[in-house]
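The lines below spell out each chain.
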Amino acid sequence: MTTTFPDVTISTDRLVLRPFEEEDVTALTEMMNDEHVTAWTSVPHPYTHADARAWATEASHAERTEGRGIVFAVTEFLTQRLVGIVHLQNTNWRTRATEVGYVTAPWARGEGYASESVLAVAQWLFRDQAFERLELRTAADNTASQQVAQKIGCISEGVLRNAWIVRTQTADGTWTDTRTDLIVWSLVPEDLDDAEGYGDYDGYDAYTGYEQRADANGHRVGADWN
C-alpha cells in the first residue's frame, strides 16, 4: 500500500502550489511573524530566519517523505510571490483520510487565495489520490478560517471542547496562551461531486492539473508551518 504522496506541483488559474525552496525563506519568515499567524497557530514566536530555513529546506519535505502528509508553498502564478501554505497532515493511509491546515500571507488576504488553494488540493486529493475524507479543525473564534471551510463546501461535524490553545496579545505586547474549542469540518468526494460547478470556483478553474517531479531524495528537482 502506498504510504507517501507523490512530489507534485498543482496549478490553478491564479496560483502554483509547489514544494518549498530555500529561496522562500525570507518571505516565509515575514509571513509567519504576522500577528494572526501567531494567534491561531502553534508556530514558534518570534519565528526566526533559522526556523524558516529549517522548514523550507528540511521539515516540510520530511512531511511527505516520511508519510505524514504533504506541504505546498502557495505562490502567485504571475509574480511567483509566496501567498501562503497548504499542509496535509496526520494522514491515515488505511482509511484514506487526512487533515488540512493553511496559512495566508497578510498582503494576500481578501483575494480568495486560501479557498482556491485548499479546494485545488482537495480536488487533487480525491481525484488523483483516491482519498475519502479531508478534515479541517478551526478555533472557535477564527471566523476567517471557518469562512474558508464554508466556501469550499465543508460540513461542520461538531465541537471538540477545550481542545486547542491559541495565543492572545496583552496590553504590553506579550503573548499569552488561552484554551479554546475546535470546530471540526469535513469534506468527502460526494460533497464536491454534488456541488454545482464542480471544478469551477467563483469563475476560475480551481484545479487545472499537476506535474509530478522528484529526485532520489524526494525533493523537487531544481530546487520548506499550521
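Analysis parameters
Residues numbered from 1 in each chain as written. Predicted model: local features only at pLDDT ≥ 70, side-chain atom pairs only at ≥ 80, totals over all residues. Heavy atoms only, no water. Phe/Tyr/Trp six-rings, centres within 6.5 Å; stacked < 30°, edge-to-face > 60°. Helix = DSSP H or I, 4+ residues; strand = E, 2+ residues; numbered from the N terminus. Buried < 20%, exposed > 50% of the residue type's maximum accessible area, 1.4 Å probe, protein only. Expected span 1.5 Å × (residues − 1). Bend = angle between axes of the 7 residues up to and from the residue. Salt bridge = Lys/Arg side-chain N within 4 Å of Asp/Glu carboxyl O.

A word on the packing of aromatic side chains
Reasoning step 1: Here the structure, examined in full by the defined rule, presents five aromatic pairs.
Reasoning step 2: When the ring of F5 is compared with that of F131, the centres are 5.3 Å apart and the planes differ by 35 degrees; the resulting orientation is tilted. With a gap of 126 residues between them, F5 in the segment before β1 (8–11) and F131 in the loop between α4 (113–129) and β6 (133–139) connect regions that are remote in the sequence. The two residues F5 and F131 agree in class, both being buried.
Reasoning step 3: Look at F72 and W124: their rings are 5.9 Å apart centre to centre, the planes differ by 90 degrees, and that puts the pair in the edge-to-face class. Remark: W124 occurs in helix α4 and F72 occurs in strand β3 (residues 70–76); sequence separation between them is 52 residues.

Remarks on helix α3 (residues 49–65)
Reasoning step 1: Its 17 residues place the ends of α3 24 Å apart at the C-alpha level, agreeing with the 24 Å of an ideal helix rising 1.5 Å per residue.
Reasoning step 2: Of all the bends in α3, the greatest, near 50 degrees, is centred on W55.
Reasoning step 3: All buried positions along α3 are accounted for by A52, W55, A56, S60, H61, A62, E63 and R64.
Reasoning step 4: Among the residues trailing α3, G67 stands out with phi positive, at a value near 85 degrees.

Some points on the pattern of salt bridges
A side chain with one charge can pair with a side chain of the opposite charge if their charged atoms come near.
Reasoning step 1: One pass over the structure, following the stated rule, counts nine salt bridges.
Reasoning step 2: Of the charged contacts in the structure, one is a salt bridge between R14 and E116, with a shortest N-O distance of 2.6 Å. One end of the pair, R14, is in the loop between β1 and β2 (15–18); the other, E116, is in helix α4, with 102 residues separating them in the sequence.
Reasoning step 3: Looking at R14, the relative accessible area reads 26%, which means it is partly exposed.
Reasoning step 4: Looking at E116, the relative accessible area reads 0%, which means it is buried.
Reasoning step 5: Residue R133 pairs with E135 through a salt bridge whose shortest N-O separation is 2.7 Å.
Reasoning step 6: On the basis of relative accessible area, E135 is assigned to the buried category, the value being 12%.
Reasoning step 7: Three or more residues joined by partner-sharing salt bridges are found here, namely R133, E135, R137 and E157.

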